[in-house]
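Listed here are the chains, written in short residue letters.
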Amino acid sequence: MRVLGVESSCDETSAAVISSRGDDATLDSLVILSQDVHAIFGGVVPEIASRAHLAAIAPVVRRALADARCALGEVDAIGVTNGPGLVGALLVGVSFAKALAASLGVPVIGVNHLEGHLFATALEDGAAVPPFTALLASGGHTMLLDVPAWGEYRLLGATRDDAAGEAFDKTAKLLGLPYPGGRHIEALAKEGDPSRFRFPRPMLHGGQRAGDADYYDVSFSGLKTAVLHAVRDAERRGALDEERPHLARAFQDALVETLAAKTVRAAVEKGRTRVVLGGGVACNAALVSAVRERVRAQIGGDAAVFAPSPRLATDNAAMIARAALFHLARGERSDLSLNAFSSMPLA
Ligand code: KG4
Ligand code: ZN
């Protein structure tokens, strides 16, 4: 069975083809077109994103099919992200997928973008399957989930304000780095002295107990304000240029420790020996190694941490095709009334 995946929820136009034999899925092609235009504005402009998707969707799909050596007639089903995301952007993918499916006479299935992120690592590592604890951290979402089986998602905690990626992007802006800022902060932090500054670990303290409202939740707006004050102080001293790497390092250390501690706390509490990371922030090597170290220390040697390669961690259609395959195998289908939704609960 060959599934064509389509993703257009934010600022990446992406298409992918996967093949399945039984439970096994292989990635035949993946094309991701990133809309660089938003860098000028320091954030995604929804109307520009929709128009860029419209211009890109047909050539991106055509290229994914060509790379997979898959003729249109060989597509057995189409999976498309229908939420959460920017409605105008989502509608481009949803309309395209519905029209193509109708013209080919194949089923179309709407996929929750967040569920897609959970499936990303499974494309690269057959062991990245439930039961597991999942941390999804992107520019729009930060959530901690317990996943006893595919299709069963229990929300343990989430951010109360900024998403982790958003915190990276806003801090990058404060430090004068380009958008999106996550990878620039990570690169700069490598040169930073970890003892120069120390920022608060938001909502993380020793007295927390399971059941407390803040046990799994995170919050990053206070951290952002702490960085802002430190940046202003460095500016006053005329020392911002030399402090920049140290500020990036202290910010990243605070955010990473918070996410890693809460993720491993969830795994221990739920008795899981696998942890799956997803979303753009999972590209951050410091986060991945912090989670690995904590898992080794608190759970032990048989526990495993799975992080997707950067191409599959950020928004892409391969993960959407993989999640679609799961739903198709259960006999689920969408019909032509399939719509796009800006918010779409996963759990
Ligand atoms: O999952 P994604 O591609 O799109 C959303 O659904 O938001 O995530 C994009 C986010 C951006 O905020 C970006 O700054 C962040 O992921 N990001 C990183 C890194 N690479 C991308 N954050 C920290 N470290 C990185 N290396
Ligand atoms: Zn995403």
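In this text the structure is predicted, and so the values were computed from the model without any measurement.

Reading the values: rules and limits
Residues numbered from 1 in each chain as written. Chains lettered and ligands numbered in written order. Predicted model: local features only at pLDDT ≥ 70, side-chain atom pairs only at ≥ 80, totals over all residues. Heavy atoms only, no water. Near = heavy atom within 4 Å. Polar contact = N/O pair within 3.5 Å; in protein donor to acceptor, adjacent residues only side chain to side chain. Areas by Shrake-Rupley, 256 points an atom, 1.4 Å probe, with all protein chains shown as cover. Helix = DSSP H or I, 4+ residues; strand = E, 2+ residues; numbered from the N terminus. Nonpolar A, V, L, I, M, F, W, Y, C, P; charged D, E, K, R; others polar. Axes fitted to C-alpha atoms, helices over the stretch in contact; angles between N-to-C directions. Parallel < 35°, antiparallel > 145°, perpendicular 65-115°, else oblique. Left-handed = near helix turned anticlockwise from the far one by under 90°. Contact = heavy atoms within 4.5 Å. Phe/Tyr/Trp six-rings, centres within 6.5 Å; stacked < 30°, edge-to-face > 60°. Buried < 20%, exposed > 50% of the residue type's maximum accessible area, 1.4 Å probe, protein only. Lys NZ or Arg CZ within 6 Å of the ring centre and 35° of its normal. Core = buried A, V, L, I, M, F, W, Y, C linked by side-chain atoms within 4.5 Å. Domains from an automatic or database assignment. Buried area = accessible area lost by both parts, 1.4 Å probe. Salt bridge = Lys/Arg side-chain N within 4 Å of Asp/Glu carboxyl O. Donors = N, O, S within 2.8 Å, 3.2 Å for Na, K, Ca; no water. Tetrahedral: all angles 85-135°; square planar, octahedral: opposite > 155°, others 65-115°. Pairing = 2+ DSSP bridges.

Looking at the site of ligand 1
Here's step 1: Taken together, the neighbourhood of ligand 1 is formed by 20 residues, with Gly 139, Asp 169, Glu 186, Gly 280 and Asn 284 sitting nearest.
Here's step 2: Taking Glu 186, its side chain carries an N or O atom lying 2.8 Å from a nitrogen atom of ligand 1.
Here's step 3: If ligand 1 stood free it would expose 550 Å²; the protein chains cover 88% of that surface.
Here's step 4: Of all the secondary structure elements, the ones that give two or more residues to the shell around ligand 1 are helix H3 (113-119), helix H4 (164-174) and helix H5 (182-189).
Here's step 5: Here the shell around ligand 1 is composed, by residue class, of four nonpolar, twelve polar and four charged.

Description of the packing of H5 against helix H7 (residues 240-270)
Any two packed helices are characterised by the angle at which their axes cross and by the distance between the axes.
Here's step 1: Contact pair H5 / H7: the axes reach a minimum separation of 8 Å and the direction vectors enclose 110°. When the interaxial angle is binned, H5 and H7 end up roughly perpendicular. Pair H5 / H7 crosses with left-handed handedness. Where H5 approaches H7, its residues Ile 185, Glu 186, Leu 188 and Ala 189 are matched on the opposing element by Arg 244, Pro 245, Ala 248, Arg 249, Phe 251 and Gln 252.

Here we look at the packing of aromatic side chains
Here's step 1: In total, this model carries six aromatic pairs according to the counting rule given.
Here's step 2: For the pair Phe 132 and Trp 150, a centre-to-centre distance of 5.6 Å together with 75° between the ring planes defines the contact as edge-to-face. Linking Phe 132 in strand S6 (residues 132-137) with Trp 150 in the loop between strand S7 (142-149) and strand S8 (152-158), this pair joins segments that are 18 residues apart in sequence.
Here's step 3: With relative accessibility at 16%, the residue Trp 150 sits in the buried group.
Here's step 4: Taking the centre distance of 5.1 Å and the plane angle of 90° together, the rings of Phe 168 and Phe 251 count as edge-to-face. Pair noted here: Phe 168 is in helix H4 and Phe 251 is in helix H7, with a separation of 83 residues, a long-range link. Each member of the pair, Phe 168 together with Phe 251, is buried.
Here's step 5: The rings of Phe 119, Phe 132, Trp 150 and Phe 326 are connected pair by pair, giving a single aromatic cluster.
Here's step 6: It is Arg 196 that lies over the ring of Phe 197; its NZ or CZ is 5.0 Å from the centre.
Here's step 7: Positioned above the aromatic ring of Tyr 215 is the side chain of Arg 265, whose terminal nitrogen or guanidinium carbon lies 4.4 Å from the ring centre.

Quick look at the nonpolar core
Here's step 1: With 48 residues, the main nonpolar core has Phe 199, Phe 220, Leu 247, Phe 251, Leu 255, Leu 259 and Val 291 as its most contacted residues.
Here's step 2: Only S6, H4, H5, helix H6 (221-236), H7, strand S9 (274-278) and helix H8 (285-298) provide two or more residues apiece to this core.
Here's step 3: Of all the elements, H7 adds the most residues to this core, at 13 residues.
Here's step 4: Residues within four places of Val 291 in sequence aside, it is in contact with Ala 260, Val 264, Val 275 and Val 305.
Here's step 5: One finds Ala 25, Phe 119, Leu 123 and Leu 328 within the second-largest nonpolar core, a separate group that totals 37 residues.

Observations concerning the domain arrangement of the protein
How big an interface is tends to be reported as the loss of accessible area on association of its parts.
Here's step 1: Domain assignment breaks the protein into domain 1 (2-118 + 314-329) and domain 2 (127-307).
Here's step 2: A C-alpha centroid distance of 28 Å is found between domain 1 and domain 2.
Here's step 3: Between domain 1 and domain 2, the contact holds twelve residues from the first and 16 residues from the second.
Here's step 4: For domain 1, the biggest contributors to the area lost against domain 2 are Leu 114, His 117 and Leu 118; these three give 50% of the whole.
Here's step 5: Counting across the interface, domain 1 meets domain 2 through zero salt bridges.
Here's step 6: Counting the contacts that link domain 1 with domain 2 gives one residue pair in polar contact (both at pLDDT 80 or more).
Here's step 7: In terms of residue class, the side of domain 1 that touches domain 2 is built from six nonpolar, five polar and one charged.

Topic: the coordination of the zinc ion (ligand 2)
Here's step 1: In this structure, His 113 (NE2), His 117 (NE2) and Asp 315 (OD) serve as the protein donors to the zinc ion (ligand 2), at separations of 2.1 to 2.2 Å.
Here's step 2: Each of the four donor atoms bound to the zinc ion (ligand 2) contributes to angles spanning 91 to 150°, and the resulting shape is irregular.
Here's step 3: Summarised as a motif, the one-chain spacing of the donors to the zinc ion (ligand 2) is H-x3-H-x197-D. Of this pair, His 113 sits in helix H3 while Asp 315 is found in the loop between helix H9 (310-313) and helix H10 (317-329), placing the two residues 202 residues apart along the sequence.
Here's step 4: By relative accessible area, His 113 is classed as buried at 5%.

Observations concerning the sheet that holds S7
Here's step 1: The strand order S8-S7-S6-S9-S10 describes an open sheet built from five strands, whose pairing is mixed. The open sheet has two edge strands, S8 and strand S10 (304-306), and neither has a second partner. Neighbour-to-neighbour, the strand axes of this sheet turn through a mean angle of 20°, independent of strand direction.
Here's step 2: Bridge analysis of S7 against S8 gives five bridges, and the strand direction is antiparallel. Considered in S8, the bridge of Leu 145 is made with Leu 155.

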